[in-house]
Amino acid sequence: MNTLAELWRFDSPVWLPAAMLLLGYSVVFRRASLPRFLAFGLGLGLLVLAFISPLGALADGYLFSAHMVQHLVLLLLVPLSFMLALPPRETEQLFARPLANRVGKIMAFPVVGCLLGVGAMWFWHVPSLCSASTENAAIGAVRDTSFVAAGLAFWWPVFSPVARYRLEPLSGITYLFTSCLGCTLLGIYITFTTVSVCPAFANPQERIDVVTQLYDAGLTPSVDQHLGGLLMWIPPCTLYVLASVALLFRWYGEPPASSETTEAN
Amino acid sequence: MQSVFPVLEPESPQARAIYDLLLTVSLICGVIFLITTGLLLIAIWTGRKRRDLPRQDFGSHRKELAWMVAPVIVTLWITAITIKLILTISAVPEAHPGLPEGKQADLIVRGHQWYWEVQYPDTNVIDAGEIHIPIGKPLYVQLESADVIHCFWVPQLARKIDVIPGRQNYIWLEADKPGTYQGRCAEFCGTQHAWMNFLVIAHTEDDYAKWLAGKDADAEKPKVTDEEAGERLFFTEQTCVNCHAIQGTTATADIGPNLTHVARRKQLGGGILENSTENLALWLKNPQAIKPGCKMPNFKLTDEQVRQLVAYLESLP
Amino acid sequence: MTVGLLDKPQVEPADSPWGLFSWVASVDHKRIGIMYMLLAVFFLTVGGCEALLIRLQLAWPNNGFISPQFFNQLFTMHGTTMVFLVGMPVFTGFSNYILPLQIGAKDVAFPRLNAMSFWMLPFGAVLLYFSFFTGAAPDAGWFSYAPLSTNAYSLMDGVTYWILALIVMGIGSVAGAINIVATALCCRAPGMSLQRVPLFTWIMLMQALLIVITIPPLNSALALLLIDRWLDAAFFEPARGGDAVLWQHFFWIFGHPEVYVFALPAFAMISEVIPVFSRKPIFGYAFVAGSSTVILLLSYSVWAHHMFAVGLGPGANVFFAATTMLIAIPTGIKIFNWTATIWGGQVHFTTSMLFAIAFLIQFVIGGLTGVMFAAVPIDWQLTDTYFVVAHFHYVLIGGVVFALFAAHNYCFPKITGRMLDERLGKWQFWLWVFGFNGTFMVQHFLGLMGMPRRVYTYADNPGWFALNLFSSVSALFMAAGTLVFLYNVGRSLLRGERAGNNPWSAFTLEWATSSPPPPENFQSLPPIKSRRPVWDMDHPEMADWKTERTAEDGGRRPSKALIAAWAFVASEAIFFTLLLVTYVVFNTRAGLDDGSPGDGPSAASSLSVVRTGVFSVFLLTSSLTFWLAERNLKRRRQRAFKTWLAVTIGLGSLFVAGQVWEYAGLLADNVTISSNLFASTFFTVTGFHGLHVTAGLVALGVMLWFGYKNYLTEKRGKVFSAIGIYWHFVDVVWIAVFSIIYLRALQ
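Residues numbered from 1 in each chain as written. Chains lettered and ligands numbered in written order. Predicted model: local features only at pLDDT ≥ 70, side-chain atom pairs only at ≥ 80, totals over all residues.

J.: Describe the overall build of chain B, with residues and values.
T.: In terms of helices and strands, chain B carries seven helices and 12 strands. Since a compact globule built from 317 residues should have a radius of gyration of about 20 Å, the 27 Å found for chain B marks it as more spread out than a globular shape. Along the three orthogonal principal directions, the C-alpha set of chain B runs to about 95 × 50 × 35 Å. The proportion of buried residues among the 317 residues of chain B is 40%. When contacts within chain B are restricted to residue pairs at least 6 apart in sequence, those whose partners lie at least 24 apart make up 65%. (Helix = DSSP H or I, 4+ residues; strand = E, 2+ residues; numbered from the N terminus. Rg over C-alpha atoms; globule rule 2.2 N^0.38 Å. Buried ≥ 20, exposed ≤ 12 C-beta atoms within 10 Å, placed from the backbone. Contact = placed C-beta atoms within 7 Å.)

Next up, the structure:
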């Protein structure tokens with residue numbers, strides 16, 4: 001497919017929020033270490049790529065599976081990178097104020113993160129909403145923003161830079177496993193149902209001359225949805241398992257006589 | 001001559017691709033086995049006579065990570081070649097049930113407890129127990145089940161695939177050269193699962209056309225007395241017609257195998273008997289003694305009735 | 001070290017006579033553990049005899065020794081017996097016996113529940129084997145694929161007995177597992193932080209958690225099949241709109257984690273035996289423990305690799321191949337840890353260690369053929385042949401059973417106070433090594449020769465006779481090995497050498513008490529400052545805590561009642577999730593715009609959303625009133641507590657009354673559970689929910705009665721809170737049910 005290269009869309013509006021984020025991060029966390037800055041850069045890069053690469057174009061009403069990849073990048077990878085990019089000390093100071101502390105505490109409540117993270121997946125895959133956000137750019141922007149925000153809320157109880165907001169590692173694993181079951185269910189439904197989950201992708205309008213190519217490649221709408229469901233299901237769960245491994249590592253690596261467990265409460 | 005290791009003697013491009021993968025993966029697994037067992041044996045051998053208290057070694061993350069890398073790379077490699085082959089073999093758009101648009105199946109194979117029924121869509125031919133195909137041409141086969149789940153497996157020619165009631169599955173079936181290939185039901189499907197074998201018989205293009213033309217004919221009116229008596233038995237005096245079909249006659253039931261071409265088959269009863277006049281008689285005399293639990297009851301036919309029925313069945317085209 | 005108690009006579013405490021009844025009535029975790037193991041040994045011989053009959057029938061071609069019907073019953077019963085009556089009980093038995101000792105506990109968390117869990121098993125076993133007397137043992141294979149297992153193709157009662165037995169045993173297993181979870185989390189001795197528990201305990205905790213989440217899918221599948229068979233629904237009957245593949249999904253969602261339910265204990269046992277007989281600590285504790293946790297987390301995402309031949313489509317095949325490869329990594333890496341543990345150690349070739357070494361080699365073979373099956377096209381050739389039979393027997397016998405024999409030889413002195421005979425042990429070992437490998441190695445080749453599994457006989461194809469005969473003859477060696485094993489046990493019980501406290505110089509707490517341990521387990525506990533407290537005691541100069549620091553015990557232990565309640569709720573949640581999945585599957589079909597499964601009643605045509613909505617408010621309010629009751633109990637306001645509790649019960653009863661009203665209306669309109677798939681799914685989901693509400697009401701009623709008797713004080717509030725978790729859970733389930741069934745009907 002030689003047109004794949006032509007699907008890059010460098011005029012995407014994503015540059016604007018990306019620039020703002022970069023500016024904000026460099027101002028607030030001037031003294032962030034290099035690895036953290038790199039993590040931030042990675043998140044930013046993924047964010048931009050999710051829109052300007054051919055993935056972004058295909059996600060825009062052509063391929064449900066491409067939409068799902070974009071969705072996962074926005075909901076899981078970008079927020080995770082941002083979370084890891086937050087330097088503990090400065091963030092600690094930010095959350096020292098009572099109001100901020102209260103917000104941090106609410107976000108640390110596992111039910112909140114779980115509901116937001118898994119809820120965002122479910123909510124935006126109600127057929128009418130899914131179609132609407134694909135066909136209408138404004139709703140689409142709301143959706144994408146909510147993905148990143150929900151993702152941040154989701155990772156907060158696990159990888160928050162401030163220790164007191166983090167769950168105990170074993171509770172964190174339970175949290176991740178529960179979320180995994182949440183997206184597994186949705187993934188199973190999307191994979192095996194014969195109903196079109198997102199009607200906007202079932203009858204794509206030919207605007208950029210790719211539909212025929214996609215069909216020829218075997219990516220008919222039913223195959224596409226099948227693939228989308230599997231994407232929603234297996235990669236997030238794998239990521240959650242990897243995060244669980246990180247938590248286990250932290251747990252076993254806990255310094256002797258650590259008081260972290262008591263502190264976390 | 002029947003092949004001894006059908007899985008290792010592929011006779012179609014698809015089976016050969018699977019065989020190559022099998023070989024590669026077995027080789028990798030063999031090497032892994034030798035390495036792990038070798039290390040273990042060395043550890044045991046060197047430790048067998050040690051009598052001083054060994055150093056208490058609690059492990060090292062570095063070593064653990066190091067030996068994790070190798071298996072990860074190996075599994076990634078196996079996964080990659082696996083995925084490649086899955087996508088090649090499934091290249092027909094068969095992800096979701098339903099025939100791809102404009103594509104008509106070349107063959108319809110229907111699993112029954114405990115025999116296989118074969119339909120050649122463009123002709124009248126319906127047969128049981130053996131599938132005739134032309135060589136060198138991939139046939140698109142539609143698989144259905146009349147009752148429970150079966151599994152269609154011709155190791156030398158294609159992957160196996162389940163045959164499931166309520167849905168259709170599709171595979172490509174192809175043979176490189178003429179011959180007879182053993183097929184079996186691989187999914188447990190009840191009492192006589194063991195005898196649900198079938199044969200795939202590959203012909204050259206010409207032979208296939210000849211064979212098909214020969215089969216595509218209706219039953220003629222019997223001429224000899226025994227045959228006539230057998231026909232009477234089949235249609236009126238006994239209940240054969242309630243279960244079996246014969247093309248060109250009023251017999252159309254689909255409970256037992258279609259008997260139009262029964263005389264030409266190589267095997268009877270899903271492979272339990274070679275087909276011959278004596279064996280057909282033996283079968284009719286008491287099917288339950290030969291294939292206990294099969295759907296055909298013992299009709300307690302007299303020897304004469306058996307002879308007449310055999311004569312009739314063997315007179316069919 | 002081994003001299004300790006040698007010459008002291010073993011005196012039984014007067015209050016625990018070793019009569020038969022004292023065993024039946026016992027709630028001591030050690031006795032219950034022993035009973036589990038004895039049950040498993042009994043059924044090992046039963047299942048083994050079935051296997052021998054199977055091998056006898058297959059020894060030569062065209063054999064008519066066993067009828068096909070009986071052969072099918074034999075392999076069905078062999079599989080079911082080995083999985084549910086040998087595998088499950090024997091591990092629960094070891095867990096029951098060893099785990100509390102390893103963590104320095106007096107007993108399991110809930111001794112009476114423990115006894116109940118055990119006695120469910122013989123009950124289930126009787127149900128299962130009674131089917132033989134009805135003339136029709138189950139014969140649809142141990143995974144009873146529908147529609148073969150539905151009424152249309154299995155008219156006799158065998159499959160029904162199979163379902164009932166599995167449900168009974170499943171309930172027992174879940175209860176037992178919850179007990180183990182609560183024990184490991186709540187009953188550890190001071191100093192034993194969770195990072196310090198022996199690997200056996202940690203991995204068995206993972207296994208118990210896995211049982212808690214893996215049995216419910218089986219139960220929901222069994223419930224649906226039973227409804228098909230008894231109430232004439234058609235969940236699994238394609239001829240009437242059902243789905244044959246759904247059964248496979250549900251069964252393998254249970255079935256594959258079940259493999260890890262067996263494999264994890266094997267890892268657990270090997271992780272105890274190998275360090276002790278190498279005189280070294282395990283190499284990479286965190287790695288072995290952590291990878292077991294990862295297996296638990298991943299085990300739910302690989303089930304469809306049992307279904308590669310179903311034709312799920314390339315997408316599903318690719319993803320499940322990838323996850324299967326992924327789970328192979330934490331499973332396989334452990335081999336290196338065990339090898340590294342032996343490396344540089346002082347190896348003692350006891351029978352136990354020999355079995356452990358054979359385990360390592362054979363498990364690698366089984367694991368590698370497993371990797372071959374994960375390469376999907378290979379599976380397309382070899383699944384359902386004798387190659388797969390060889391593969392899983394290498395995992396389950398070569399791996400699991402060998403690990404069990406290692407553990408048996410290792411733990412026997414602790415359990416009985418007597419040593420097993422090493423010479424007989426070695427006889428048993430070699431008989432099993434030759435018997436096992438002889439039986440199953442050749443089956444790999446039979447698979448390559450195209451021999452499908454589960455055939456009662458075969459034609460005289462080239463090579464088949466010789467290999468089958470070889471396999472059958474080798475099986476006799478395993479049988480002989482088993483006889484040696486039984487003789488060895490009997491002989492040792494009568495006149496075995498006395499074992500001291502710690503005959504193996506082992507490391508963990510169970511070896512710090514007498515053999516067999518007294519009813520209260522420990523007279524006194526050594527200080528627990530590392531993962532190997534007994535090693536520290538024996539080698540103070542090289543104590544672990546001096547070099548290898550581990551997380552200190554914070555001293556906090558969660559409440560037993562709450563942990564049990566949460567585990568139970570998790571299990572139930574999965575059960576309901578699968579029922580709801582069934583509802584969604586059968587009520588959202590393409591081409592049917594109203595979402596109904598074809599003709600007949602549908603949610604939109606038969607349900608009154610508003611009326612049920614009102615009754616739902618009652619149920620949801622009851623959660624609020626329960627919370628008020630709980631708060632008043634904590635604040636010692638008994639009157640208000642009782643009032644709110646009574647209101648809760650009233651509201652719950654109103655909800656049930658509403659449901660009865662609804663059912664009556666539906667039945668009057670001739671909408672029954674067998675009408676169509678909407679009706680079947682609707683009655684199944686709401687019916688099970690209604691049963692749960694009713695059970696909750698009974699529990700609340702008991703609580704109210706306790707309240708009036710003033711038994712329920714704020715100190716016993718935990719029990720009340722535990723019931724509260726259940727009650728709130730039932731309400732949450734209803735929210736899901738209401739949204740999925742009723743709110744969708746509005747659209």
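This is not the end of the story, as more comes after the structure.
J.: Can you break down the overall build of chain C residue by residue, with the values?
T.: Of the regular secondary structure elements, chain C holds 22 helices and zero strands. Relative to a compact globule of 747 residues, whose C-alpha radius of gyration would be 27 Å, chain C shows 27 Å and is just as compact. In terms of principal-axis extent, the alpha carbons of chain C reach across some 75 × 75 × 45 Å. Out of the 747 residues belonging to chain C, those deemed buried represent 61%. Summarising the internal contacts of chain C: among those between residues at least 6 apart in sequence, 82% fall at separations of at least 24.

J.: Which residues make up the sheet that holds strand β5 (residues 139–145) of chain B, and what are the values?
T.: Residues and elements named next belong to chain B. The strand order across the open sheet built from five strands is β3-β2-β1-β5-β8, with neighbouring strands paired in mixed fashion. Strand pairing shows two members of the sheet lacking a second neighbour, β3 (126–128) and β8 (169–173), which therefore form its edges. Along the sheet, successive strands turn relative to each other by an average axial angle of 25°, direction set aside. Here strand β2 (residues 115–119) pairs with β3 via three bridges, running antiparallel. Counterpart to Glu 117 in the pairing with β3 is Ala 128. (Pairing = 2+ DSSP bridges. Axes fitted to C-alpha atoms, helices over the stretch in contact; angles between N-to-C directions.)

J.: Any details on the sheet that holds strand β6 (residues 150–153) of chain B? Residues and values, ideally.
T.: Residues and elements named next belong to chain B. Taking strand neighbours across the sheet as the criterion, the five strands line up as β4-β10-β9-β6-β7 in an open arrangement whose pairing is mixed. Strand pairing shows two members of the sheet lacking a second neighbour, β4 (130–134) and β7 (161–163), which therefore form its edges. Adjacent strand axes in the sheet meet at a mean angle of 30°, parallel and antiparallel pairs treated alike. Of the strand pairs in this sheet, β4 and strand β10 (residues 198–203) are connected by five bridges, and their pairing is parallel. Among the inter-strand pairings, His 132 is bridged to a residue of β10, identified as Ile 201.

J.: Outline the pairing of strand β9 (residues 179–185) of chain B, listing residues and values.
T.: Residues and elements named next belong to chain B. Among the seven residues of β9, five are classified as buried, and the element is accordingly described as predominantly covered. Where β6 lies against β9, two bridges are found, and the strand directions are antiparallel. Bridge pairing in β9 links Phe 152 to Cys 185.

J.: Just give me the short version of the interface of chain C and chain A, but keep the residues and values in it.
T.: At the interface, 25 residues of chain C touch 26 residues of chain A. Elements with a contribution of two residues or more to the side of chain C that touches chain A: α8 (285–298), α9 (314–342) and α17 (560–587) of chain C.

J.: Before we move on, can you summarise the interface of chain B and chain C with the specific residues and values?
T.: Every contact between the two is made by 76 residues of chain B and, on the other side, 78 residues of chain C. Taken together, the elements giving at least two residues each to the side of chain B that touches chain C come down to α1 (13–47), α2 (61–89), β7 and β9 of chain B. Counting residues per element, the side of chain B that touches chain C draws most heavily on α1(B), at 15 residues. Split by residue class, the side of chain B that touches chain C holds 42 nonpolar, 21 polar and 13 charged. (Nonpolar A, V, L, I, M, F, W, Y, C, P; charged D, E, K, R; others polar.)

J.: Can you lay out the confidence of the model for chain C for me, pointing to particular residues and giving the numbers?
T.: Residue and element names in this part refer to chain C. Looking at chain C, the pLDDT average stands at 91 and 96% of residues meet or exceed 70. Looking at the elements of chain C, mean pLDDT is at its lowest for helix α1 (residues 20–24), recorded as 81, and at its highest for helix α13 (residues 422–448), recorded as 96. Throughout residues 1–14 the model reports pLDDT below 50, and contacts reaching past four residues in sequence, or to other chains, amount to 17 contacts. Ignoring residues within four places in sequence, the model shows residues 590–597, a span with pLDDT below 50, making 20 contacts including any to other chains. (pLDDT = per-residue confidence, 0-100.)

J.: Describe the packing of helix α6 (residues 199–231) of chain C against helix α7 (residues 244–276) of chain C, naming the residues involved and giving the relevant values.
T.: Residue and element names in this part refer to chain C. Contact geometry of α6 with α7 gives a least axis separation of 8 Å together with a crossing angle of 165°. As judged from the angle between their axes, α6 and α7 are roughly antiparallel. Handedness of the α6/α7 crossing: left-handed. For the contact of α6 with α7, the class distribution of residues is 24 nonpolar, four polar and two charged. (Parallel < 35°, antiparallel > 145°, perpendicular 65-115°, else oblique. Left-handed = near helix turned anticlockwise from the far one by under 90°.)

J.: I'd like to hear about the nonpolar core, residue by residue, with values.
T.: All names here are of chain C. Counting residues in each nonpolar core, the largest one holds 409 residues, and the members touching the most others are Val 181, Val 212, Ile 270, Val 273, Phe 359 and Ala 406. By residue number, the principal contributor to this core is α7, which donates 23 residues. Sequence-distant contacts of Val 181, that is, excluding residues within four places in its chain, are made with Leu 205, Ala 208, Leu 209, Val 212, Ile 563 and Ala 567. (Core = buried A, V, L, I, M, F, W, Y, C linked by C-beta atoms within 7 Å.)

J.: Help me get a handle on the confidence of the model for chain B, residues and values and all.
T.: Residue and element names in this part refer to chain B. Chain-level pLDDT for chain B is 88 on average; 94% of the residues reach the 70-or-more range. At the low end of the mean pLDDT range in chain B sits helix α3 (residues 205–215), at 87; at the high end sits β6, at 96. In this model residues 93–99 is a low-confidence stretch, pLDDT under 50, and it forms 19 contacts with partners more than four residues away in sequence or in other chains.

J.: So what about helix α4 (residues 225–237) of chain B? Which residues, and what values?
T.: With 13 residues, α4(B) should reach 18 Å at 1.5 Å per residue; the first-to-last C-alpha distance of 16 Å falls well below that figure. Close packing links the buried residues of α4(B) with α7 (303–315) of chain B. (Expected span 1.5 Å × (residues − 1).)

J.: Explain the environment of C:Ser675 residue by residue, including any values.
T.: With respect to the helices, strands and loops of the structure, C:Ser675 is situated in the loop between α20 (638–668) and α21 (677–708). Distance from C:Ser675 to C:Phe283, taken between C-alpha atoms, is 61 Å for residues 392 residues apart in sequence.

J.: Help me get a handle on the pairing of β6(B), residues and values and all.
T.: All names here are of chain B. Residues His 150 and Phe 152 point to one face of β6 and Cys 151 and Trp 153 to the other, with burial holding for every one of them. Of the strand pairs in this sheet, β6 and β7 are connected by three bridges, and their pairing is antiparallel. Bridged to Phe 152 within β7 is Ile 161.

J.: Please set out the environment of C:Asn670 residue by residue, giving values where relevant.
T.: As for its placement among the helices and strands, C:Asn670 is situated in the loop between α20 and α21. In this structure, the C-alpha to C-alpha distance between C:Asn670 and C:Pro601, residues 69 residues apart in sequence, is 9.5 Å.

J.: Give a description of unusual backbone geometry that names residues and reports values.
T.: Residues and elements named next belong to chain C. Look at the link from Ala 146 to Pro 147: it is a cis peptide, with omega at 0°. Its place among the elements puts Pro 147 in the loop between α4 (111–130) and α5 (158–186). Geometrically, the link from Ser 515 to Pro 516 is a cis peptide bond, its omega value of -10° lying close to zero. Positive phi outside glycine occurs at Ser 144, with the angle close to 35°. You can see Ser 144 is positioned in the loop between α4 and α5. Assessed through the 26 C-beta atoms surrounding it within 10 Å, Ser 144 is described here as buried. Even without being glycine, Asp 232 reaches a positive phi, approximately 70°. Here Asp 232 lies in the loop between α6 and α7. C-beta crowding within 10 Å serves as the criterion here: with 15 such atoms nearby, Asp 232 is assigned to the partly exposed category.

J.: Quick rundown of the packing of α6(C) against α8(C)? Include the residues and the values.
T.: Think of two packed helices as two axes; the pair is described by the angle between the axes and how far apart they sit. Residues and elements named next belong to chain C. At a minimum axis distance of 9 Å, the contact between α6 and α8 shows a crossing angle of 5°. Considering their axes alone, α6 and α8 lie roughly parallel with respect to each other. Where α6 abuts α8, its residues Leu 199, Trp 202, Ile 203, Met 206, Leu 209 and Leu 210 lie against Tyr 285, Val 288, Ala 289, Ser 292, Thr 293 and Leu 296. Tallied by class, the residues present in the contact of α6 with α8 amount to 10 nonpolar, two polar and no charged.

J.: How would you summarise α8(C) if you had to cite specific residues and measurements?
T.: Owing to its 3.6 residues per turn, the α-helix brings residues three or four apart onto one side. Given a rise of 1.5 Å per residue, 14 residues ought to cover 20 Å, and the 20 Å separating the end C-alpha atoms of α8(C) matches this to within 8%. Counting buried positions along α8(C) gives 13 out of 14 residues, so the element sits mostly inside the fold.

J.: An account of the environment of C:Leu420 is needed here, citing residue identities and associated values.
T.: Mapped onto the elements, C:Leu420 comes out in the loop between α12 (386–416) and α13. C-alpha of C:Leu420 to C-alpha of C:His408: the two residues are 12 residues apart in sequence and 9.7 Å apart in space.

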